[in-house]
Amino acid sequence: MKKTKNKHDKFTIKTFAKGRIGRRLVLATIIFSSFITLLTTSYQLYFDYKKDIATIDGYFDLIKESYLESLTTSVWMYDEKQISSQLDGLIKIPDMEHLEIRSGDDRFWSSGSLKSKHKITHHFSLVFEHRNKEFEIGELSATASLDNVYDRLIGKALSILISNAVRAFCVSCFILLIFHLLVTKRLIRLSENL
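These remarks concern the structure in this document. (Residues numbered from 1 in each chain as written. Predicted model: local features only at pLDDT ≥ 70, side-chain atom pairs only at ≥ 80, totals over all residues. Heavy atoms only, no water.)

1. Focus: a nonpolar patch on the surface
On the surface, a nonpolar cluster with roughly 670 Å² of combined accessible area is contributed by V171, F174, I175, L177, I178, L181, L182 and V183. Looking at the element boundaries, I178 is found in helix α3 (residues 147-193). (Patch = residues over 30% accessible without salt bridge, like charges linked within 9 Å, V, L, I, M, F, W, Y side chains within 5 Å. Areas by Shrake-Rupley, 256 points an atom, 1.4 Å probe, with all protein chains shown as cover. Salt bridge = Lys/Arg side-chain N within 4 Å of Asp/Glu carboxyl O. Helix = DSSP H or I, 4+ residues; strand = E, 2+ residues; numbered from the N terminus.)

2. Some remarks on the sheet that holds strand β1 (residues 96-103)
Within the open sheet, the four strands sit side by side as β2-β1-β4-β3. Their pairing is antiparallel. Of all the strands in the sheet, the pair left with one neighbour each is β2 (108-112) and β3 (119-130). Here the strands of the sheet are splayed against their neighbours by 15° on average, with no regard to which way each runs. Across 12 bridges, the pairing between β3 and strand β4 (residues 133-145) is antiparallel. Counterpart to E129 in the pairing with β4 is E134. Against the sheet, helix α2 (residues 80-90) touches β1, β2 and β4, its axis set at about 30° to β2. (Pairing = 2+ DSSP bridges. Axes fitted to C-alpha atoms, helices over the stretch in contact; angles between N-to-C directions. Contact = heavy atoms within 4.5 Å.)

3. Overview of the pairing of β4
Alignment of β1 against β4, held across seven bridges, turns out to be antiparallel. Among the inter-strand pairings, S103 is bridged to a residue of β4, identified as G138. From the end of β3 to the start of β4, which pair antiparallel, there are two residues, and R131 there has a positive phi angle of about 50°.

4. Quick notes on the pattern of salt bridges
What the rule picks out here adds up to five salt bridges. Between D48 and K156 there is a salt bridge, with its nearest N and O atoms 3.9 Å apart. Of this pair, D48 sits in helix α1 (residues 2-76) while K156 is found in helix α3, placing the two residues 108 residues apart along the sequence. The exposure class of K156 is partly exposed, given its relative accessible area of 29%. Here D95 makes a salt bridge to R152, at a shortest N to O gap of 3.2 Å. With a gap of 57 residues between them, D95 in the loop between α2 and β1 and R152 in helix α3 connect regions that are remote in the sequence. Salt bridges sharing partners connect three or more residues here, namely D52, D95 and R152. (Buried < 20%, exposed > 50% of the residue type's maximum accessible area, 1.4 Å probe, protein only.)

Right, dumping it as C-alpha cells:
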C-alpha cells in the first residue's frame, strides 16, 4: 500500500513540476512581458510624438524670428517676385504643407497645397513700422502636416514593438531556463528520492 502511494506521490510531483508550474510560469511570463512591451512601446511613441510636435513648433518659431520681417517688407513694397520666392523657400521646411499671405487690401499669395487630414496652422500678423507708426498690412498663415508625423510614428511603432517583443521574449526564455535549471531539476530529483 505504501509503495503504491509513494509511486502516486512521485507521479504527482513530477506532473506538478513539469506540467502545471511550467505552464503557469510560461503563461505568466508571456503575459507580463507582453504588458511591459506594450507599455514601453506606448511610452516611446508618446515621447516621439511630443518630440515631433516640438520640432514643428520650432519651425513656426523659426518663421516668426527669421522670415516674418523680410516677408512683411516685401508685402509692404508689393514685391510679388520676392514674396513668391520667399514662400517657395519656406515651403521646403520639413512638414510644412501650405503658406499663404493675405494683405489688408485683399491681395493674396500662396505656396504649397492643403492635402493632409491632420494639420497645425499658425497665423502671424504682418506689422510694418513706418515713421514710428505700426501698420498691420496682412497675415501669414503657415500650415504644417501632422499626417507625416503619424506615418513616421506608425513606422516606428512596428520597429519598436518588434524589438521590444524580441527583447522580452529573450528575457522570458532566460527566466524559464534559469527556473528549469534551479528549480525544476531539483523538484524532479526530490520526487525521485521519495
